[in-house]
Amino acid sequence: MYKLLLCLRYLRTRYIALASIVSVMLGVATMIVVNSVLAGFTNEMRDRIHGFLADVVIESRSKDGIRNSKDQLQQVHDAVGAYVAAATCTVEMPGVTSIEINGETYTTPVTIVGIIPWEKARVGPLVDCLASHNPTIENGEVLPALRSRGVSPGWELTSEAAEWRRFIKEQQEIILRNEGLLESSDSTGIVPSGSDVTVTTESERPEPPIFDAPQTAGSDVDFPFDPVDPFNITDSVISGIRKEPHEARVYIGEGLVSYQVRDPETGKLEQVTMIRPGEDVTITTVKAGRPEPVSFEATICDIFRSGMSEYDSQLILMNLEQLQQNRGMLVRDPETGEIIEDKITSIQIKLKDYTNAEIVVEKLKAVFPPGLVTVRTWESKQGLLLSAVEMETAILNVLLFLIITVAGFGILAIFFMIVVEKTRDIGILKSLGASSRGIMSIFLSYGLGLGMVGSMAGVCIGLVFVRYINQIEEALSWLTGRRVFDRDIYYFSRIPTHVSPMMVFCVAMGAVGIAVVASVLPARRASRLHPVRALRFD
Amino acid sequence: MAQIIKMTTPLISAKAIQKTYTTGQHHVRVLRGAGISANEGEFISVIGQSGSGKSTMLHVLGLLDSPDVGEVLYEGKRIDNLNETTRDLLRNRVFGFIFQFYHLLPELSLLENVMAPLMIRHSLWNYWKQRREIKQQALEILEEVGLGHRIKHRPSQLSGGELQRGAIARALITKPRILLADEPTGNLDAETGLEIIALLKKLNITNRLTIVMVTHDEAIATQAHRIVRLKEGRIENAVINKAMIATAM
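Only a predicted model underlies this, so the values are computations on that prediction, with no experimental measurement involved.

Quick notes on the rules
- Residues numbered from 1 in each chain as written.
- Chains lettered and ligands numbered in written order.
- Predicted model: local features only at pLDDT ≥ 70, side-chain atom pairs only at ≥ 80, totals over all residues.
- Heavy atoms only, no water.
- Helix = DSSP H or I, 4+ residues; strand = E, 2+ residues; numbered from the N terminus.
- Contact = heavy atoms within 4.5 Å.
- Areas by Shrake-Rupley, 256 points an atom, 1.4 Å probe, with all protein chains shown as cover.
- Buried area = accessible area lost by both parts, 1.4 Å probe.
- Salt bridge = Lys/Arg side-chain N within 4 Å of Asp/Glu carboxyl O.
- Polar contact = N/O pair within 3.5 Å; in protein donor to acceptor, adjacent residues only side chain to side chain.
- Nonpolar A, V, L, I, M, F, W, Y, C, P; charged D, E, K, R; others polar.
- Core = buried A, V, L, I, M, F, W, Y, C linked by side-chain atoms within 4.5 Å.
- Buried < 20%, exposed > 50% of the residue type's maximum accessible area, 1.4 Å probe, protein only.
- Axes fitted to C-alpha atoms, helices over the stretch in contact; angles between N-to-C directions.
- Parallel < 35°, antiparallel > 145°, perpendicular 65-115°, else oblique.
- Left-handed = near helix turned anticlockwise from the far one by under 90°.
- Pairing = 2+ DSSP bridges.
- Phe/Tyr/Trp six-rings, centres within 6.5 Å; stacked < 30°, edge-to-face > 60°.
- pLDDT = per-residue confidence, 0-100.

Student: Run through the overall build of chain B, naming residues and quoting values.
Tutor: Looking only at helices and strands, chain B has nine helices and ten strands in total. Contacts spanning at least 24 positions in sequence make up 70% of the contacts within chain B whose residues lie at least 6 apart. Split by element, the accessible area of chain B, about 11200 Å² in all, is 52% carbon and sulfur.

Here is the structure:
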């Protein structure tokens, strides 16, 4: 009984112990806040990765793909039909994209993914990633979505994109006509539809100059080409401008068409868009079978924004059939034009219940020959990235736990002090018949009390902080005059958080454990004090 | 009273006690074969100069310290070699201590200080069951020592005399058979000191409490039935204070 009374009395009267409580509290609160925000970001990231990838992915080992998408899909349904919610075929292929802006060509390596959007939307939340279906945050302002989220994604241009295309093409036409480079005087200048060629053929173009060859007299003055860019098409004559969108349509990754600059004056990040939906890009990739390069133009009909910079700066989603056509993955009936055979590189599968993923993978592995394809869940496909994030979280936790350990050392020091201060009281208690174990348990329960009070206070503060993190961030931004959490960087309108009760419990228990462990040494010292020496202590 | 003194088996006795304290390289022989015994109901004062070993003798008797050589007997049974748990138990049930500097716990109120030995004795559950009786007991004892009006006060708010009476109340709550008092008046003025001695004498008579009191004050020492004089760790002489026995009778 006396142990409890003294322990409570010491807690109430020793203000120095408040220092330990505060340090435990801060450690616990920090761990809870950081873990919750990290978990929030991780969940968000997993959702985004998962959102783009399907639950289970079958990929062909060769980029030439596997034959007959319909048969393959049927095989999937036959093998694991009971588990499958939806499945779609895609073609994935590395390539290069070229964007022309003000006469400059920007070339970037990309991954081209051929999809059927309405099927892909059933496998993963494609609509969430398309700019036209979602409100856009541009320079801190929220712009409303151009399309309803209920509309199934397709390859049509939005009216804004079509308008923009018309405007751009008219501008180009005016410039070319003014410079006398447009062949036809026809005001429409429309090239017959179906033709993807907008520029006169290579043969009509003058031969590029050979700089090493001896030059004729006076040629250095009248040299007809820009020596920096001998292929500059402004010197060739153009037969017409294609105003109609190309057959090949793409959703282009946001990182490929825009970049962010920090305004030196305001310090704000601003989005600079190089090219908008409605404009064209040139895509170059390699044909299936014999690897010959193939180049074609495509019209951007939407911006792809998953929030994963890895995807947004690398992916171009285009219509599957056009990609197959351009890569020579389709065999058509020469008379009817119907597709006789096609090739695909992967099948994405959404499951009714993701917990069955491993069973599905095993069953699919039995059906599909392992030499031809790999069957993986999205987690094992992104295993490296996910384990890197997990590792990061683990290291951060170890570091943060060191804060609580430091608090533990604080408790150790303060307790030694209290034991010295209370030496005579310990002698008195022993003279009244208190056992050494009893004395020890006073200090152990004192440590336990400190740990529990500190942990509980820390848990409360941490949870309140997490709950109001956005308001706190706003207040901090207002105080400092700078945005603490820049929404433009992460594409989040709010700081994502996720509080796991298990994490909170573990952190609190860890802190209590450390407080108890730290009080063991002082408690042992107290219990071993000789009563007579303790009584005589001044 | 004379009959009590003549009883063959003393209540508590220490025989041929030797005790050496070592501080660093210095060895101080505090007790060199001193012995002492007290019969039930006897009031003994141990007197001697500083360093004569009188306090150490009291600690050895009360099991706060162990002798290097010699033995301590309680009702004829040896108790100095018992295990720690039994010694703790005896300290709680048989002995009551009072000290020169009162030694009340500063965090507790006077009432809580008095109840402390019973808190130590009982488990949390037993204490909870008996809390009303224990409180009543403590209040009665505090009333007996004349502190019934100061129960809520902290030790820092009490005078020296009140503190010592509080310490006596704490020693009495366990109903000990032996009260060991280490210079109980040493820190008090003469008048208050005499009040305390009067209280001890009263307890000795009414409760048949055996008291062993250490003091260096001759005037205080003469209040006991028997005066044992210690010098350099040995018994110099033991005098029966007939005058006091006569008053007691």
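Alright, that's what it looks like, and here's the rest.
Student: Could you give an account of the overall build of chain A, with specific residues and numbers?
Tutor: A count of helical and extended segments in chain A gives 19 helices and 16 strands. Here the analysis covers contacts within chain A between residues at least 6 apart in sequence; of these, 75% occur between residues at least 24 apart. Total accessible area on chain A stands at roughly 27500 Å², and carbon and sulfur atoms take up 59% of it.

Student: Before we move on, could you go through the interface of chain B and chain A and cite the residues and values that matter?
Tutor: With 30 residues of chain B at the contact, the number on the chain A side is 27 residues. Of the roughly 2400 Å² buried at the junction of chain B and chain A (both faces included), carbon and sulfur atoms supply 64%. Summed over the shared surface of chain B and chain A, the result is two salt bridges. Of the charged contacts in the structure, one is a salt bridge between Glu 112 of chain B and Arg 9 of chain A, with a shortest N-O distance of 2.7 Å. The tally of links between chain B and chain A comes to seven residue pairs in polar contact (both at pLDDT 80 or more). At the level of secondary structure, the elements contributing two or more residues to the side of chain B that touches chain A comprise helix H2 (54-61), helix H3 (84-93), helix H4 (110-121) and helix H5 (124-144) of chain B. Among the elements that line the side of chain B that touches chain A, the one with the most residues is H4 of chain B, at five residues. For the side of chain B that touches chain A, the residue count by class is 15 nonpolar, seven polar and eight charged.

Student: How would you summarise the nonpolar core if you had to cite specific residues and measurements?
Tutor: Core analysis: the largest hydrophobic core is formed by 119 residues, its most contacted members being Phe 443 of chain A together with Phe 95 of chain B. A total of ten residues in this core trace back to one element, the largest contributor, which is helix H18 (residues 501-527) of chain A. Once you skip the residues sitting within four places of it in the chain, Phe 443 of chain A turns out to touch Tyr 10, Phe 415, Ile 418, Val 419, Ile 426, Ser 519, Ala 523 and Ala 526 of chain A. In this structure, Ile 101, Val 250, Met 329 and Leu 364 of chain A belong to the second largest nonpolar core, which totals 45 residues.

Student: So what's going on with the packing of helix H6 (residues 160-172) of chain B against helix H7 (residues 190-206) of chain B? Which residues, and what values?
Tutor: All names here are of chain B. Between H6 and H7, the least distance of the axes is 10 Å, while the angle of their chain directions is 20°. Relative to H7, H6 is oriented roughly parallel. In terms of crossing hand, the pair formed by H6 and H7 is right-handed. Each of Gly 161, Gln 164, Arg 165, Ile 168 and Leu 172 in H6 lies in contact with H7, whose residues at this interface are Thr 192, Glu 195, Ile 196, Leu 199, Leu 200 and Leu 203. Taken together, the residues of the contact of H6 with H7 sort by class into six nonpolar, three polar and two charged.

Student: Kindly report on the sheet that holds strand S7 (residues 178-182) of chain B, identifying the contributing residues and their values.
Tutor: All names here are of chain B. Taking strand neighbours across the sheet as the criterion, the six strands line up as S6-S7-S8-S3-S9-S10 in an open arrangement whose pairing is mixed. Of all strands in the sheet, those with a lone pairing partner are strand S6 (95-98) and strand S10 (234-240), marking the two edges. Averaged over all pairs of adjacent strands, the angle between strand axes in this sheet comes to 15°, irrespective of strand direction. One ladder, built from five bridges, connects strand S3 (residues 43-48) with strand S8 (residues 210-215); its direction is parallel. What sits directly across from Ile 47, in S8, is Thr 215. Docked against the sheet, H7 engages S3, S6, S7 and S8, running at close to 155° with respect to S8.

Student: Can you tell me about the pairing of strand S4 (residues 69-74) of chain B, naming the residues and giving the values?
Tutor: Residue and element names in this part refer to chain B. With five bridges joining them, strand S1 (residues 12-23) and S4 adopt antiparallel strand pairing. Counterpart to Gln 18 in the pairing with S4 is Val 69. In textbook terms, the turn of a hairpin is the stretch between consecutive antiparallel strands, and for S4 and strand S5 (residues 77-78) this stretch comprises two residues, one of which, Glu 75, has a positive phi near 50°.

Student: Quick rundown of the sheet that holds S4 of chain B? Include the residues and the values.
Tutor: All names here are of chain B. In spatial order, the strands read S2-S1-S4-S5; together these four strands make up an open sheet with antiparallel pairing. Strands at the two margins of the open sheet, each flanked by one partner only, are strand S2 (26-38) and S5. Here S4 pairs with S5 via two bridges, running antiparallel. In the strand pairing of S5, Tyr 74 is matched with Lys 77. Of the strands in this sheet, S1, S2 and S4 touch H2, which is tilted by about 120° from S1.

Student: So what's going on with the environment of Val 33 of chain A? Residues and values would help.
Tutor: Residue and element names in this part refer to chain A. Tracing the backbone through its elements, the reader meets Val 33 in helix H2 (residues 16-52). Residues Val 33 and Leu 463 lie 430 residues apart in sequence; the distance between their C-alpha atoms is 7.3 Å. Setting aside residues no more than four positions away along its own chain, Val 33 makes contact with Gly 462, Phe 465, Val 466 and Ile 469.

Student: Give a description of the side chain of Arg 249 of chain A that names residues and reports values.
Tutor: Residue and element names in this part refer to chain A. Tracing the sequence through the fold places Arg 249 in strand S7 (residues 249-253). A polar atom in the side chain of Arg 249 sits 2.6 Å from the backbone oxygen of His 246. Leaving out residues up to four positions away in the same chain, Arg 249 has contacts with Trp 155, Glu 156, Leu 157, Thr 299, Cys 301, Leu 317, Met 318 and Asn 319.

Student: Tell me about the packing of aromatic side chains, and please be specific about residues and values.
Tutor: Residue and element names in this part refer to chain A. In this structure the tally under the stated criterion is five aromatic pairs over all chains. Ring plane angle 35° and centroid distance 5.8 Å describe the contact between Trp 164 and Phe 167, whose orientation is recorded as tilted. Of this pair, Trp 164 and Phe 167 both sit in helix H6 (residues 159-178), three residues apart, roughly one helical turn. With a relative accessible area of 27%, Trp 164 lands in the partly exposed category.

Student: Can you break down unusual backbone geometry residue by residue, with the values?
Tutor: Within the chain, Glu 183 of chain B stands out as a residue other than glycine whose phi angle is a positive 50°. Among the residues examined, Glu 183 of chain B registers a relative accessible area of 9% and is labelled buried.

Student: Break down the pattern of salt bridges for me, with residues and values.
Tutor: Oppositely charged side chains may form a pair once their charged atoms are brought near each other. Residues and elements named next belong to chain A. Following the criterion strictly, the structure yields 27 salt bridges over all chains and no others. Linking Glu 59 and Lys 381 is a salt bridge whose minimum nitrogen-to-oxygen distance equals 2.9 Å. One end of the pair, Glu 59, is in strand S1 (residues 56-60); the other, Lys 381, is in helix H12 (residues 378-381), with 322 residues separating them in the sequence. Residue class for Glu 59 comes out buried when judged on its relative accessible area of 13%. A relative accessible area of 25% means that Lys 381 is categorised as partly exposed. Taken together, the shared-partner salt bridges in this structure form one network comprising Glu 59, Arg 376 and Lys 381.

Student: Provide a residue-level description of the confidence of the model for chain A, including the pertinent values.
Tutor: Per-residue confidence for chain A gives a mean pLDDT of 81; residues scoring 70 or more make up 86%. Low pLDDT, under 50, characterises residues 185-236 of chain A; the stretch is placed with 46 contacts to residues that sit more than four places away or in other chains.

Student: Residues and numbers for H2 of chain B, please.
Tutor: The element H2 of chain B is extensively covered by neighbouring structure, given that eight of its eight residues are classed as buried. With its phi angle positive at about 60°, Leu 63 of chain B sits one or two positions after the end of H2 of chain B.

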